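Listed below, chain by chain, are the residues.
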Amino acid sequence: MQSCRRKSLWLALLASWLLGLLGILPLLRLAVPTGPRAGAPQGWPRWLDAELLQSFLQPGELPEDAPQLRRAPRGGSCDWGACFDTSKCRSGGFKVFVYPAAEPTSEMQHKILASIEGSRYHTVSPTEACLHLLTLDAPAGACSLVPPKWNGGKNHLVLRLHPASCSGTFQLGWAMVAEASPTVDTFRPGFDVALPLLPEAHPVRGGAPGQLRQHSPHPGAALLALAEERGGWRVAATDSSACPWDGHCEQDHGPEQTHPGAALPNATFCLIPGRRADALRFLQALQPSLGAALLRGYRLDQGGHCSRQEAPTAGAGCPPGDAPHAGPRPASADPVSVGHLLLLSGEGHPYRPREPAFLLQIIQDRILGASAHPSLLWNSPPGALLALPTFSTSPLDFPFYYLQQGSRPAGRFSALIWVGATGQPPLKLIQAVAGSQHCAQILVLWSNDKPPPPSWPETAVPLLVIEGHRKVSARFFPHSAISTDAILSLDAHSSLSTSEVDFAFVVWQSFPERMVGFLTWSHFWDEAQGRWGYTAERVNEFSMVLTSAAFYHRYYHTLFTHSLPKALRRLAEAAPHCVDVLMNFLVAAATKLPPIKVPSGRRHEDASPPRVPGDLGPAARDCIDRVAAGFGHMPLVSSRLRLDPVLFKDPVSVLRKKYRGLEKP
Amino acid sequence: MCASVKYNIRGPALIPRMKIKHRIYYITLFSVVLLGLIATGVFQFWPHSIESSNDWSVEKRSVRDVPVVRLPADSPIPERGDLSCRMHTCFDVYRCGFNPKNKIKVFIYSLKKYVDDSGVPVSNTISREYNELLTAISDSDYYTDDITRACLFVPSIDVLNQNTLRIKETAQALAQLSRWDRGTNHLLFNMLPGGPPDYNTALDVPRDSPRRYFLLSSQMALHPEYREELGALQAKHGESVLVLDKCTNLSEDVLSVRKRCHEHQVFDYPQVLQEATFCVVLRGARLGQAVLSDVLRAGCVPVVIADSYILPFSEVLDWKRASVVVPEEKMADVYSILQSIPQRQIEEMQRQARWFWEAYFQSIKAIALATLQIINDRIYPYAAISYEEWNDPPTVKWGSVSNPLFLPLIPPQSQGFTAIVLTYDRVESLFRVITEVSKVPSLSKLLVVWNNQNKSPPEESLWPKIRVPLKVVRTAENKLSNRFFPYDEIETEAVLAIDDDIIMLTSDELQFGYEVWREFPDRLVGYPGRLHLWDHEMSKWKYESEWTNEVSMVLTGAAFYHKYFNYLYTYKMPGDIKNWVDAHMNCEDIAMNFLVANVTGKAVIKVTPRKKFKCPECTAIDGLSLDQTHMVERSECINKFASVFGTMPLKVVEHRADPVLYKDDFPEKLKSFPNIGSL
């Protein structure tokens, strides 16, 4: 029995061995391919002697080349270095002289010149100027005069708003040309500036915000709108299958065809042919921010600044008759990204109004060279016109780019207490503010006829008294003593508790580009009088916060002091109440967002008489209307919410709450 | 076969004599042995045969043995390169129709040795660098060996160094390539020479110590005029400017390429570049200079003084961030120009220069892949790599976000929102929710996602009659992600996700929530808030639903968000999170919170005070234990998602949004949203 079992075991083993050898082996042989398997890519062979291959550069052959002579600058191919003399701009600052127009000028030209004359760059002395501006838009025949101090065109900027006007009348030589829709044949990159072709009705300052209200394309929107020759638009099929990859788009003379001059149809992309007459459509397409697909022949960028692979260039370069590349959208293509880049150009600035300003900014950037705007500042909101390079060239210093830079605002603030003519030393306020763990320093701006008291309360943080500023606008001066990004602006009359300060600052850290305040005003359109007004009566919404107690970024001091037009600055001097309105306009124009309101535990109406609504005199009432006129539009945005602590007035034990001070009735 | 027959014969005789137990034992034993044998057989023979065939094929492949092609002297010469070529005129994009992943397909011609009529080779067959370059392409996703599918063709004819080429014959060789067609869709690499390849590895360590020289020129062959100007700079600014030249008095055995001299002082090159803040790159015979690559590697900021020089990859790389370009005319002012750059910006530029080198220039492979990526970006512009991805160093990229909804837009109130109710079979409760939500003024459409495949939704006549369109979507599978699918029916930008048991929210509260969303359209705006906490004892994340002063998530049982996030959730959710959620039937809301916070970098907004929610967490059938397992599961979700995202994207805030006059001492009837926070 035992041996039998062992025997059978051996037999079975033997049997399986045989099976294994005889049965499987031939099968394996068959299964193994003789060469490399078909189907998988073979790839570039791994050479046996790869290590022995020679370098493409022989050791005797030095990487250095024979020297070469410097190129002489030629008029025809000017570049920035050769044809522009920056020495004057460096020594005397960036000053612009405008040749007075000899002939009756067009409306647009007039507006642009007026806008430059009102800017901080303008000078009346041609010898002092670093840039001479000449407009060439007069009707043909009237523009043959070579201006005085022409000097071969050096340091001249020739503005040509309408293509081909006055071309060839005299040699432009070394002058830069800022031209609407130039062609690649004549454009000198890095030297000339490409402008959009503007319609006559284009606003000079401010301008209406873009028509875009939505982040994503409407589901019903057509994929493509084509600019027609006679000024209308044609909507191509929504169906992307009409434009297969390997062929031309089927000519779909779709059902919809708008009338010449009609508004742009609702479409995601818009195809603008490379005809001069169609250049106007580009701006039209940007306003509602469609993805514009251009046919070739255009310089799109404003002096090379908007050089990201932005939507305007997304389709640039289709052979005529084809759909833009973006046409066959893959199912999972990101629906918003294309539209968005466009918006930026529409909303941000380059293509929007303020043309003279950005034109000068581009040229100033070239003069500044390395310390000019980084492209991030040009290409993300609020745009280079509102991010002054004189403040900083690092995006980290501005309030707008924290998220893009992967950083966050620092955890300290400086309290700036303005003591006006009737003010008393705000001892209680200083104690309350100094009690905040986030407070880094307290600056008292003493603007009172009486000398400041010799002794101030003992505080845990440094306290500095700055004397001698009389003007109200001086409270928004970028004092060098301010050491933090966050500023808590206060009046001697303000009354705040430490809890309120702490909570408001924590909120500001979440919204560093906005103003965070306690007391609010809201603006309204006064139908009866046909003008803007504002009120401090507590209503259900607000659009301004009072700077008598508000957190904001210190960059807004620089913006206030250095970017406001002269007229508005004079207004601020004349009407002290207006500085609040001005500051709110400025921040709203930069952010396009409403300020933030946080709860104030006390009844501030009782505490701060001069700023309360009822006392607003006629001059102060007029203020908002004049500021709105100065800005050219109404940037203020209303908000209907207040940010409270998470457990604010919730039915839980007060001991659980972090900001107990806010709960007091 | 014989073996199995034998077994069959012996088998029946054997079995009756054994007990059942033994029989099973033997059968098992035999099958195990048999399986083992088969396995060994496979392991023994399979790899061997592959290897041997591989060896055999590589054996033949030496560069010296490649096929020889004789070019007749009168073979056609291709037309000269068309200088006016643009991507759209000289490139046939329609060859790139085969694009499974928006990637171009690149074909490499097989290597041949070209000889002229008299048998003299046209060029060096292939250089080491070009071989590396082709290997890199072949290893990448771009490669295809199917010539009919390719949209870009790379000849294996090595033209890296023009000096060693016989121009005419090389041109003839190119012209006879099978798909040459005037060079359409062909890519030739003509490399700017890199520095000597055998660097000292010490260079690879970035240095933080201050640099001795402010400005350094290390090029050897410069035009006397430039050298004169550099000399003048040095004379004027003394120690901080160093101008180096070729060494004249070196002994023979020293490699002169690795040394530079200033008067009698000898410096090691390229190490000396690390000692300078700015390094001059001046015009030579060719515009491109090898020194640029060395300078970048040393983390020295290149000062490019060569008008009309196109910097490498300038189409995508923002050289302003890593270099200073000074016009040749302004060479005399270069020192003052550089002095005016703030220190912080200089440090930024140094980092950027080094990052460019590491990412795009440090190896032939990096150069090859960057080149193909640029061409790929041109062909598929909608899938192109963004400016930030090209230019931001990884440290910035990791921390930064580029919010797709970055524009400060406040959507018009008139558009309203679409409410999406996810339901399974709680019809009664669902109808109550529908009735309640329909009272909200800004509701524009109601979408019911019917997640029950076994049961049909109730008849149309039974549904509550409401003033807005009501649509029922039936799903194919009972999955939680159905709630976040970008349905075509959603026409508004705002979406209100609401559970079929959330009946306690008042119309004022929902309307106010929508108003808040309009002010923060890129955030999740929701009612019940939750918090994630770091558990120090367990060293992991913990889910918290107690009364806290902070909030970092909102539950999507009742939350407003932009419909774009539906698209992101469905198509762009990282890793396996979506499947994980569907498999666990939990945490879809936490996943959404992670997704939105990660892409926008912003915190959620909790609206209105806390109220008692009838939610899964609170209705627990037998309170505590279920509640606790729920918390454990939710904590697990947070830890899982944090590991997939590679970071903790959630942002903690201490605020919530209330109406401006909430709980203020003000007549209730004058408030816009009086009915808020009632329990």
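On a predicted model such as this, the values are computed, not experimentally measured, just so you know. (Residues numbered from 1 in each chain as written. Chains lettered and ligands numbered in written order. Predicted model: local features only at pLDDT ≥ 70, side-chain atom pairs only at ≥ 80, totals over all residues. Heavy atoms only, no water.)

**A word on the overall build of chain B**
Of the regular secondary structure elements, chain B holds 18 helices and 22 strands. Looking at chain B as a whole, 55% of its 679 residues qualify as buried. Across chain B, the fraction of contacts at a sequence separation of at least 24, relative to all contacts at a separation of at least 6, is 76%. A total of about 31400 Å² of accessible surface is found on chain B, and carbon and sulfur atoms cover 54% of it. (Helix = DSSP H or I, 4+ residues; strand = E, 2+ residues; numbered from the N terminus. Buried < 20%, exposed > 50% of the residue type's maximum accessible area, 1.4 Å probe, protein only. Contact = heavy atoms within 4.5 Å. Areas by Shrake-Rupley, 256 points an atom, 1.4 Å probe, with all protein chains shown as cover.)

**A word on the side chain of E328 of chain B**
Structurally, the position occupied by E328 of chain B is in the loop between β11 (324-325) and α8 (334-339). At 2.9 Å, the side chain of E328 of chain B forms a polar contact with the side chain of Y226 of chain B. (Polar contact = N/O pair within 3.5 Å; in protein donor to acceptor, adjacent residues only side chain to side chain.)

**As for helix α7 (residues 290-297) of chain B**
All names here are of chain B. The element α7 is extensively covered by neighbouring structure, given that seven of its eight residues are classed as buried. A290, V291, L292, D294, V295, L296 and R297 are the residues of α7 that are buried. Along its buried surface, α7 packs onto β9 (276-282), β10 (301-305) and α9 (343-361). G299 occupies a position one or two residues after α7 and carries a positive phi of about 70 degrees.

**Focus: the packing of aromatic side chains**
Residues and elements named next belong to chain B. One pass over the structure, following the stated rule, counts 47 aromatic pairs over all chains. Arranged with centres 6.0 Å apart and planes meeting at 70 degrees, the rings of F484 and Y561 form a pair that is edge-to-face. Highlighted residues: F484 in the loop between β14 (470-474) and β15 (494-499) and Y561 in strand β20 (residues 558-562), separated in sequence by 77 residues. Comparing F484 with Y561 shows no difference in burial state: the two are buried. Measuring from ring centre to ring centre gives 5.6 Å for F594 and F645, while their planes differ by 35 degrees; the resulting arrangement is tilted. In this pair, F594 sits in helix α17 (residues 588-600) while F645 sits in helix α18 (residues 623-645), placing the two residues 51 residues apart along the sequence. Exposure class is identical for F594 and F645. Each is buried. Ring pairs connect the aromatic residues F313, W319, W355, F356, Y360, F361 and W390, which therefore count as one cluster. Geometry around Y269 places R260 over its ring, the cationic atom sitting 3.8 Å from the centre. (Phe/Tyr/Trp six-rings, centres within 6.5 Å; stacked < 30°, edge-to-face > 60°. Lys NZ or Arg CZ within 6 Å of the ring centre and 35° of its normal.)

**Overview of the nonpolar core**
Residue and element names in this part refer to chain A. Among the nonpolar cores identified, the biggest contains 75 residues, and F413, V433 and I442 are the most heavily contacted of them. Once you skip the residues sitting within four places of it in the chain, I442 turns out to touch A415, I417, I430, V433, A434, V461, P462, L463 and L464. Judged by nonpolar contacts, the second largest core, of 54 residues, contains L388, Y401, C623 and I624. (Core = buried A, V, L, I, M, F, W, Y, C linked by side-chain atoms within 4.5 Å.)

**Some details on the packing of α9 of chain B against helix α10 (residues 364-379) of chain B**
Residues and elements named next belong to chain B. In contact at an axis separation of 7 Å, α9 and α10 are set at 85 degrees when each is read in the N-to-C sense. Taken together, the axes of α9 and α10 are roughly perpendicular relative to one another. For the pair α9 and α10, the contacting residues are A359, Y360 and F361 in the first and A366, I367 and A370 in the second. Split by residue class, the contact of α9 with α10 holds six nonpolar, no polar and no charged. (Axes fitted to C-alpha atoms, helices over the stretch in contact; angles between N-to-C directions. Parallel < 35°, antiparallel > 145°, perpendicular 65-115°, else oblique. Nonpolar A, V, L, I, M, F, W, Y, C, P; charged D, E, K, R; others polar.)

**Section: the environment of V291 of chain B**
Residues and elements named next belong to chain B. Positionally, V291 belongs in helix α7. Classification of V291 as buried rests on a relative accessible area of 2%. The sequence separation of V291 and C279 amounts to 12 residues, and the corresponding C-alpha distance is 9.1 Å. With near-sequence residues (within four places) excluded, V291 lies in contact with S218, Q219, Y269 and V281.

**Comments concerning the pairing of strand β17 (residues 531-535) of chain A**
All names here are of chain A. Sheet topology places strand β16 (residues 520-526) next to β17; five bridges connect them, and they run antiparallel. Residue pairing for β17: D526 is matched across the bridge by R531. If you look at the hairpin formed by β16 and β17, you'll find four residues sitting between the two strands, and G530 has a positive phi there, around 65 degrees. (Pairing = 2+ DSSP bridges.)

**Things to note about the sheet that holds strand β17 (residues 529-535) of chain B**
All names here are of chain B. With respect to topology, three strands assemble into an open sheet ordered β18-β17-β19, the strand pairing being antiparallel. A strand with exactly one partner marks an edge of an open sheet, and here the two such strands are β18 (540-544) and β19 (553-554). Bridge count for β17 against β18 is five bridges, and the pairing is antiparallel. In the strand pairing of β18, D535 is matched with K540.

**Overview of helix α4 (residues 128-139) of chain B**
All names here are of chain B. The end-to-end C-alpha separation of α4 is 16 Å, in line with the 16 Å expected for 12 residues at 1.5 Å each. Buried residues dominate α4, accounting for nine of its 12 residues. All of the buried residues along α4 are E129, Y130, N131, L133, L134, T135, A136, I137 and S138. Lining the buried residues of α4 we find β2 (106-108), β4 (152-154) and α10. (Expected span 1.5 Å × (residues − 1).)

**With respect to unusual backbone geometry**
Trans peptide bonds make up the majority, and among non-glycine residues the majority have a negative phi. All names here are of chain B. The phi dihedral of F313 is positive, around 55 degrees, even though this residue is not glycine. Along the chain, the position of F313 falls in the loop between β10 and β11. Here F313 falls in the buried class, since its relative accessible area comes to 16%.

**Details of the state of the cysteines**
All names here are of chain A. One pass over the structure, following the stated rule, counts three disulfides over all chains. In this model C578 forms its disulfide with C623; the gap between the sulfur atoms is 1.8 Å. Where C578 bonds to C623 through sulfur, the torsion about that S-S bond is close to 115 degrees, and the disulfide is right-handed. Within this pair, whereas C578 is found in helix α14 (residues 578-591), its partner C623 is found in helix α16 (residues 618-631), the two being separated by 45 residues in sequence. (Disulfide = S-S within 2.5 Å.)

**Regarding the sheet that holds β11 of chain B**
All names here are of chain B. The five strands lie next to each other as β6-β5-β9-β10-β11, forming an open sheet whose pairing is parallel. Of all the strands in the sheet, the pair left with one neighbour each is β6 (241-243) and β11. Bridge count for β10 against β11 is two bridges, and the pairing is parallel. The partner of V303 across the bridge, within β11, is V324. In the packing of helix α6 (residues 224-237) onto the sheet, the strands contacted are β5 (213-217), β6 and β9, and the crossing angle to β6 comes to about 145 degrees.

**Considerations on the pattern of salt bridges**
Counted according to the given criterion, the structure contains 29 salt bridges over all chains. Across the pair D500 of chain B and R426 of chain B runs a salt bridge, and its minimum N-O distance is 3.0 Å. In this pair, D500 of chain B is assigned in the loop between β15 and α14 (507-519) and R426 of chain B in the loop between β12 (417-423) and α13 (427-437), connecting sequence segments 74 residues apart. Classification of D500 of chain B by relative accessible area gives buried; the value is 4%. Residue classification places R426 of chain B among the partly exposed residues on the basis of a relative accessible area of 44%. For the salt bridge of R634 of chain B with D589 of chain B, the shortest nitrogen-to-oxygen distance reads 2.9 Å. With a gap of 45 residues between them, R634 of chain B in helix α18 and D589 of chain B in helix α17 connect regions that are remote in the sequence. Judged by relative accessible area, which is 3%, R634 of chain B ranks as buried. Take D589 of chain B: its relative accessible area is 7%, and that puts it in the buried class. Bridged by salt links that share partners, the residues R640 of chain A together with E515 and R518 of chain B form one connected network. (Salt bridge = Lys/Arg side-chain N within 4 Å of Asp/Glu carboxyl O.)

**Some words on the confidence of the model for chain A**
All names here are of chain A. The predicted model of chain A averages 70 in pLDDT, with 59% of residues at 70 or higher. Strand β20 (residues 596-597) holds the highest mean pLDDT among the elements of chain A, 96, whereas helix α6 (residues 311-314) holds the lowest, 32. Counted against residues more than four places away or in other chains, residues 28-40, with its pLDDT under 50, gives 12 contacts. Note that residues 60-65 has pLDDT below 50 and, in this model, 16 contacts with residues that lie over four places away or in other chains. (pLDDT = per-residue confidence, 0-100.)

**Digging into the packing of α4 of chain B against α10 of chain B**
Residues and elements named next belong to chain B. Two numbers describe how α4 lies on α10: the axes approach to 8 Å, and their chain directions differ by 55 degrees. With respect to each other, α4 and α10 are oriented oblique. Note on packing geometry: the crossing formed by α4 with α10 is right-handed. Between α4 and α10, the residues in contact are E129, E132, L133, A136 and I137 and I364, K365, A368, L369 and L372, respectively. (Left-handed = near helix turned anticlockwise from the far one by under 90°.)

**What about the environment of D449 of chain A?**
With respect to the secondary-structure elements, D449 of chain A resides in the loop between β12 (439-446) and β13 (463-467). On a C-alpha basis, the gap between D449 of chain A and Q529 of chain A in space is 39 Å, while along the polypeptide they are 80 residues apart.

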